[in-house]
Amino acid sequence: MSKTQEILRAPHEQIEKIQLEGIKRTAINCYENIPFYKQSFDEAGFDPHSIESFDDVARAPFVEKQDLRDAYPYGMLAVPLKEVKEIHMSSGTTGVATVGAYTKHDIDIWGECFARGILFADGSDEDVVQVAYGYGLFTGGLGAHYGGHWMDATVIPISAGNTERQIRVMRDMGTTILCCTPSYAMHIADTAIEMGLDPARDLHLRAGIHGAEPFSDNFRAELERKLGYKVLDIYGLTETMGPGVANECWEQKGLHIAEDHFYPEIINPETGDVLPDGEWGELVLTTVDREASPVVRYRTRDITRIIPGQCPCGCTHRRIDRIHGRTDDMLIIRGVNVFPSQIEDVMKTFDQVSSWYQIEVDTDHRSLDIVTLKAEVNPGFELDSVAAVERLQKEISATLKTALSVGVRVKLVEPKSIPRSEGKAKRVIDLRKEK
Ligand code: ADP
Ligand code: ZN
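Residues numbered from 1 in each chain as written. Chains lettered and ligands numbered in written order. Predicted model: local features only at pLDDT ≥ 70, side-chain atom pairs only at ≥ 80, totals over all residues. Heavy atoms only, no water.

A.B. asks: Hey, could you go over the layout of surface pockets for me, with residue numbers and the actual values?
C.D. replies: Unoccupied space between atoms shows up once a probe the size of one water molecule is rolled over them. As a volume, the second largest pocket reaches approximately 440 Å³. Lining the second largest pocket are 24 residues; nearest its centre among them are Asp190, Glu222, Lys226, Ser354 and Asn378. Listed by contribution, the elements that provide at least two residues to the lining of the second largest pocket are helix H9 (182-194), helix H11 (217-227), strand S18 (353-363) and strand S19 (369-377). Residues of the lining of the second largest pocket, tallied by class, amount to 8 nonpolar, 6 polar and 10 charged. (1 Å grid on protein atoms, 1.4 Å probe; cavity = no way out; pocket = protein on both sides within 12 Å on 5 of 7 lines; lining within 4 Å. Points joined across faces, edges and corners; volume = space filled by probe spheres on them. Helix = DSSP H or I, 4+ residues; strand = E, 2+ residues; numbered from the N terminus. Nonpolar A, V, L, I, M, F, W, Y, C, P; charged D, E, K, R; others polar.)

This is how it looks when you write it as structure tokens:
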């Protein structure tokens, strides 16, 4: 573990040297072993041997999700199949799955990267880590599992689901760190309260490592209050590894990219130009030492920015801001770009509504977009009082209009009427696609 702690505090020049050498090796490897890159680099007139600086890297063409899909099943492998020890696939939230393959070395790095999240949570071999991400092709479960082993912690591989048992196990086994999606953590918290527990008192949680989907600061605050622990964000994606590409530290001021393994760029999603630190755009990742499924300039579609400056925690790896959402989830409502997380932030300023919501997008008879926010009221708010319901709906709608400059219809619904999720919550239902 000390080697990890050392690299987390290494001078940035040393990290840059590792990155540049690794990127060059990766790009040459991709060019020589993966037909897609041979063709794409040749078409762009890009010679991977010419990489001497990060500016040179920015000349390389992008690889996109569709390219990975087209290469299904094994078209993007850079090693013989017998070197591949494990295969995962993306959860297919937005279409056909993509494949991630791992050599023994890739799995080691994965464990080490996730373990950084546990380290940032002040974790050690004394911790009991409950993995309530789903196990399987989804990278959440096994990523957390390998991370827990890397830390020499006690791992409980309970997977997602069976929430009451989940909570009993958590209490009886003295779980200190909970790993799952933030929406499942909220469901766990609410269920524990329904079971008559005071989770902050009756459980032993110290930290939650929650990722795989966006969640707002307000959502985080509510989780922390209900479960009496600290929530750290973790980011990753199957196409580059899985969770652990970037981990939030105890400061909660952004997520440190594991820069000795991943090189980040932020681009303008429309022009593809690289943006300076501080500006919001699409995250592009290049793997530095991935063996089985390397990528050069993979467009993640995730919207974030590189946070300028040093983190007070002393880790030298650059930070990305918490992900706003993906370009696919971005709603364009009559010309205005809106992320569900922004709607969530507004909603959370109203005590009468809970954290559960769904956004429905449809078109009216003039083909104009109509957006309806279904928000669950908290127990205690009476839906029988038509006047009170209408007043609150109008108030939320007006606040959304002021904050986001978009018109959103608000519909208050009964507590527990929006389906709970054990993995990623489905926040947006686009009825336009079903027409
Ligand atoms: P899928 O694209 O099918 O959901 P993955 O399970 O690989 O496949 O999910 C990766 C995606 O999940 C990321 O590209 C990102 O959009 C989202 N994601 C992962 N971690 C976070 C996080 N901490 N915050 C916001 N979004 C995240
Ligand atoms: Zn930090």
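Now, onward.
A.B. asks: Talk me through the coordination of the zinc ion (ligand 2); I want residue IDs and the actual numbers.
C.D. replies: Surrounding the zinc ion (ligand 2) are the protein donor atoms Cys249 (SG), His256 (NE2), Cys311 (SG) and Cys313 (SG), which sit 2.1 to 2.3 Å from the metal. Seen from the zinc ion (ligand 2), its 4 donor atoms lie at angles of 102 to 113°, and the figure they make is tetrahedral. Here the donor residues for the zinc ion (ligand 2) map to a single chain with the spacing C-x6-H-x54-C-x1-C. Classification of Cys313 by relative accessible area gives partly exposed; the value is 21%. (Donors = N, O, S within 2.8 Å, 3.2 Å for Na, K, Ca; no water. Tetrahedral: all angles 85-135°; square planar, octahedral: opposite > 155°, others 65-115°. Buried < 20%, exposed > 50% of the residue type's maximum accessible area, 1.4 Å probe, protein only.)

A.B. asks: Summarise helix H13 (residues 386-404); cite the residues concerned and give the values.
C.D. replies: Its 19 residues give H13 an end-to-end C-alpha distance of 27 Å, which sits within 8% of 27 Å, the value for a rise of 1.5 Å per residue. Ala388, Val389, Leu392, Gln393, Ile396, Leu400 and Leu404 are the residues of H13 that are buried. On an axial view of H13, the arc spanned by its buried residues comes to 130°, and they lie on one face. Away from the buried face of H13 by more than 90 degrees, exposed residues Arg391, Lys394 and Thr402 are located. Contacts made by the buried residues of H13 are with strand S17 (336-338), helix H12 (340-347), S18, S19 and strand S20 (409-413). Ser405 occupies a position one or two residues after H13 and carries a positive phi of about 60°. (Expected span 1.5 Å × (residues − 1). Arc of directions from axis to C-beta. Contact = heavy atoms within 4.5 Å.)

A.B. asks: Could you give an account of the sheet that holds strand S12 (residues 298-304), with specific residues and numbers?
C.D. replies: The strand order across the open sheet formed by 4 strands is S10-S11-S12-S15, and the pairing between neighbours is antiparallel. The open sheet is flanked by strand S10 (262-267) and strand S15 (325-326), the only strands paired with a single partner. Of the pairings in the sheet, the one linking S10 to strand S11 (residues 281-287) comprises 6 bridges and is antiparallel in character. When the bridges of S11 are listed, Phe262 appears paired with Thr287. Strands in contact with helix H2 (residues 12-33) are S10 and S11; relative to S10, the strand with the most contacts, it is inclined by about 90°. (Pairing = 2+ DSSP bridges. Axes fitted to C-alpha atoms, helices over the stretch in contact; angles between N-to-C directions.)

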